[in-house]
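The lines below spell out each chain.
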Amino acid sequence: MADLASRISKPEDAPAAADAGASTSAAETKIETAEPSNLVDNEYEVEIKLSDLQNDKENPLFSVSSFEELGLSKAINDGLLAMNFKKPSKIQERALPLMLSDPPRNMIAQSQSGTGKTAAFVLTVLSRVDLTKPTQPQALILAPSRELARQIQMVVQTVGQFCENLIVEAAIPGSISRETGVKSSVVVGTPGTVMDLVRRRQFDVSHLKVLVIDEADNMLDQQGMGEQCVRVKNMLPKTIQILLFSATFPDKVLQYAEKYAPNANQMKLKQQELTVKGISQMYMDCPAEKDKYDILCKLYGLMTIGSSVIFVRTRDSATEIQRRMEADGHKVSALHGAYEGASRDALLDDFRSGRSKVLITTNVLARGIDVSTVSMVINYDIPMKGPGDREPDAETYLHRIGRTGRFGRVGVSISFVYDRKSFDALSHIAEFYGIDLIQLSPDDWDFTEQKVQEVIKSSRAKADYAPNATSGSG
Ligand SMILES: Nc1ncnc2c1ncn2[C@@H]1O[C@H](COP(=O)(O)OP(=O)(O)OP(=O)(O)O)[C@@H](O)[C@H]1O
């Protein structure tokens, strides 16, 4: 078992590294709710020295070529230009030629969170569809949540804004009319809804050329949506090109993915390459579970410098924390699977546009969601998996913290530990990725403020180049 203490940088004068058992004795620590000091205003501007990052060979955003050199159509290039995408990232530069080759070949592609995997497969999809048949479904993209499906739909529409006759539909609960069925060339959906539509003959899959599975390790996992994805695949043409994307591919799932997408080209990362350098990973050594809430409230001021996502284990605790925080005068929203679709959409749209800045959620938003203003992620509960939630969930940890630090931006993650189990779980995750975590203590609030502001303020200098992301704009 990893020793977290060996992977942390200790604050000067801070209490000794967490021995969770011992730290409970400090349960009486007084915690005040305070706005962070020294803040000029609440605007969060990103500093992206993107041109520097894209010239650094070690960086996942590095590339040597331009989009023009990748042989994309003029309409697609115009779309990229309008989005201010100047150069491809590594995954885009390397995966695109492989995915666009003829005859088409399957692909399993891994790249760190926020490095542009969506555009990589969207460019392939747009290059493959024949827009003289605009209502003939030709590409299907599957994602694990309605939020991610809607987001990908928006990316296809934005990159494809100059592609004449492009119609993109979301196949999520309540989105496709029973009378008309699917009438678009590109369909982005969740597997359950897609399966229903095909079964009810409202989705003609006979001309599909490309199947993309985003967050593929999660989607193909036998414990999750694996069965649905197999059923969907079995309904599709046998010759379909299959593209599997994720930031994480645990060995067990990879073996299965290789069967799902046979003879695939593969782009894989080593375990130590998985974390994004721009994310400063910290942990808060809470005296006891009951103190977590007060500590969270104390962080509120820092959370609202940009926007923040707070991840909790259950829907009930998301609702409960929201209720308490609102009662204590904080403006927060909560989004989870118990809400119906339209409310979920409205909640996320509010968060994207900045109308709400602190979002409490469950793992439903752990993957894929791209909101460039997110400067802080809080793991209020350490992600766990397996029977009885006994195993640390290293993949979910990586995806959760990856909601910040998107495409060269910087951000902070703070994971709360309070007992031996949570401490050991986080130690395991730190060891797994070979990461050094910065210890924060509720007894040394100055240090916490200083550490967090160091990161977030460094991002406030004027960007030398900031792409117009499709996210964050509502
Ligand atoms: N070549 C590019 N130049 C500038 N910005 C880009 C480029 N490619 C993608 N982006 C932007 O980078 C952000 C992250 O991209 P994206 O959401 O595709 O990441 P991802 O790799 O799919 O992450 P995750 O693993 O979290 O799903 C988006 O806001 C996107 O618009």
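Residues numbered from 1 in each chain as written. Predicted model: local features only at pLDDT ≥ 70, side-chain atom pairs only at ≥ 80, totals over all residues. Heavy atoms only, no water.

Enquirer: So what's going on with the confidence of the model for the protein chain? Residues and values would help.
Expert: Looking at the protein chain, pLDDT values average 86 and 84% of them are 70 or higher. Counting contacts from residues 8-48, a segment whose pLDDT is below 50, to residues more than four positions away or on other chains yields 104 contacts. Below pLDDT 50 for its whole length, residues 461-474 participates in 42 contacts with residues either more than four positions away or in separate chains. If you check the scores for this complex, the pTM reads 0.87 and the ipTM reads 0.99. (pLDDT = per-residue confidence, 0-100. Contact = heavy atoms within 4.5 Å.)

Enquirer: How would you explain the UniProt feature "domain: DEAD-box RNA helicase Q" (unreviewed entry) in the protein chain if you had to name every residue and give the values?
Expert: The residues that UniProt annotates with the feature "domain: DEAD-box RNA helicase Q" (unreviewed entry) are residues 65-93. Segment residues 65-93 splits into 45% helix and 0% strand. End C-alpha atoms: 7 Å apart. (UniProt positions renumbered as here; feature names shortened; annotations may be inferred. Helix = DSSP H or I, 4+ residues; strand = E, 2+ residues; numbered from the N terminus.)

Enquirer: Which residues make up the site of the ligand, and what values do they have?
Expert: Around the ligand, the surrounding shell holds 21 residues, and the nearest of these are G114, K117, T118, D370 and R406. With respect to the ligand, the backbone of K87 contributes an N or O atom lying 2.8 Å from a nitrogen atom. At 2.9 Å, a side-chain N or O of R403 approaches an oxygen atom of the ligand. Considered on its own, the ligand offers 650 Å² of accessible surface; in the complex 97% of this is hidden by protein. Each residue belonging to the shell around the ligand can be placed in one class, and the counts come to six nonpolar, nine polar and six charged. Composition of the shell around the ligand by domain shows at least three residues from each of domain 1 (24-269) and domain 2 (274-470). (Near = heavy atom within 4 Å. Polar contact = N/O pair within 3.5 Å; in protein donor to acceptor, adjacent residues only side chain to side chain. Areas by Shrake-Rupley, 256 points an atom, 1.4 Å probe, with all protein chains shown as cover. Nonpolar A, V, L, I, M, F, W, Y, C, P; charged D, E, K, R; others polar. Domains from an automatic or database assignment.)

Enquirer: Could you give an account of the sheet that holds strand β3 (residues 139-142), with specific residues and numbers?
Expert: Spatial ordering of the open sheet is given by β4-β5-β3-β6-β7-β2-β8, a layout of seven strands whose pairing is parallel. Lying at the two open borders of the sheet, with one neighbouring strand each, are β4 (168-171) and β8 (265-267). Along the sheet, successive strands turn relative to each other by an average axial angle of 15 degrees, direction set aside. Looking at chain direction, strand β2 (residues 107-110) and strand β7 (residues 241-246) are connected through four bridges and run parallel. Counterpart to A109 in the pairing with β7 is F245. (Pairing = 2+ DSSP bridges. Axes fitted to C-alpha atoms, helices over the stretch in contact; angles between N-to-C directions.)

Enquirer: Give a description of the pattern of salt bridges that names residues and reports values.
Expert: Throughout the structure, instances matching the rule amount to 20 salt bridges. The shortest N-O distance in the salt bridge between E273 and K270 comes to 3.9 Å. Relative accessible area serves as the criterion here: at 34%, E273 is assigned to the partly exposed category. Exposure remark for K270: the relative accessible area of 58% places this residue in the exposed category. Residue D381 is joined to K292 by a salt bridge in which the shortest nitrogen-to-oxygen separation is 2.9 Å. Separated by 89 residues along the polypeptide, D381 in the loop between β13 (374-379) and β14 (384-385) and K292 in helix α11 (residues 292-298) bring together distant segments of the chain. Residue D381 shares its accessibility class with K292, and that shared class is buried. (Salt bridge = Lys/Arg side-chain N within 4 Å of Asp/Glu carboxyl O. Buried < 20%, exposed > 50% of the residue type's maximum accessible area, 1.4 Å probe, protein only.)

Enquirer: I'd like a description of the nonpolar core, backed by residues and values.
Expert: Within the largest apolar cluster, 56 residues are counted, with the highest numbers of intra-cluster contacts made by I141, V156, V159, V186 and F245. Among the elements that take part in this core, helix α5 (residues 117-128) stands out by supplying seven residues, more than any other. Mapping this core onto the domain boundaries places at least three of its residues in each of domain 1 (24-269) and domain 2 (274-470). Ignoring any residue separated from it by four or fewer positions in sequence, one finds I141 in contact with F121, V125, I152, V156, V186, V187, V188, G189 and V212. Of all hydrophobic cores here, the second largest spans 36 residues; its members include C286, M303, V410 and F447. (Core = buried A, V, L, I, M, F, W, Y, C linked by side-chain atoms within 4.5 Å.)

Enquirer: Provide a residue-level description of the packing of helix α6 (residues 146-159) against helix α14 (residues 341-353), including the pertinent values.
Expert: At a minimum axis separation of 10 Å, α6 and α14 run at an interaxial angle of 60 degrees. Comparing their axes, α14 and α6 come out oblique. As for how α6 packs across α14, the hand of that crossing is right-handed. Across the interface between the two elements, R146, E147, R150 and Q151 from α6 touch G341, R344, D345, L348, D349 and R352 from α14. (Parallel < 35°, antiparallel > 145°, perpendicular 65-115°, else oblique. Left-handed = near helix turned anticlockwise from the far one by under 90°.)

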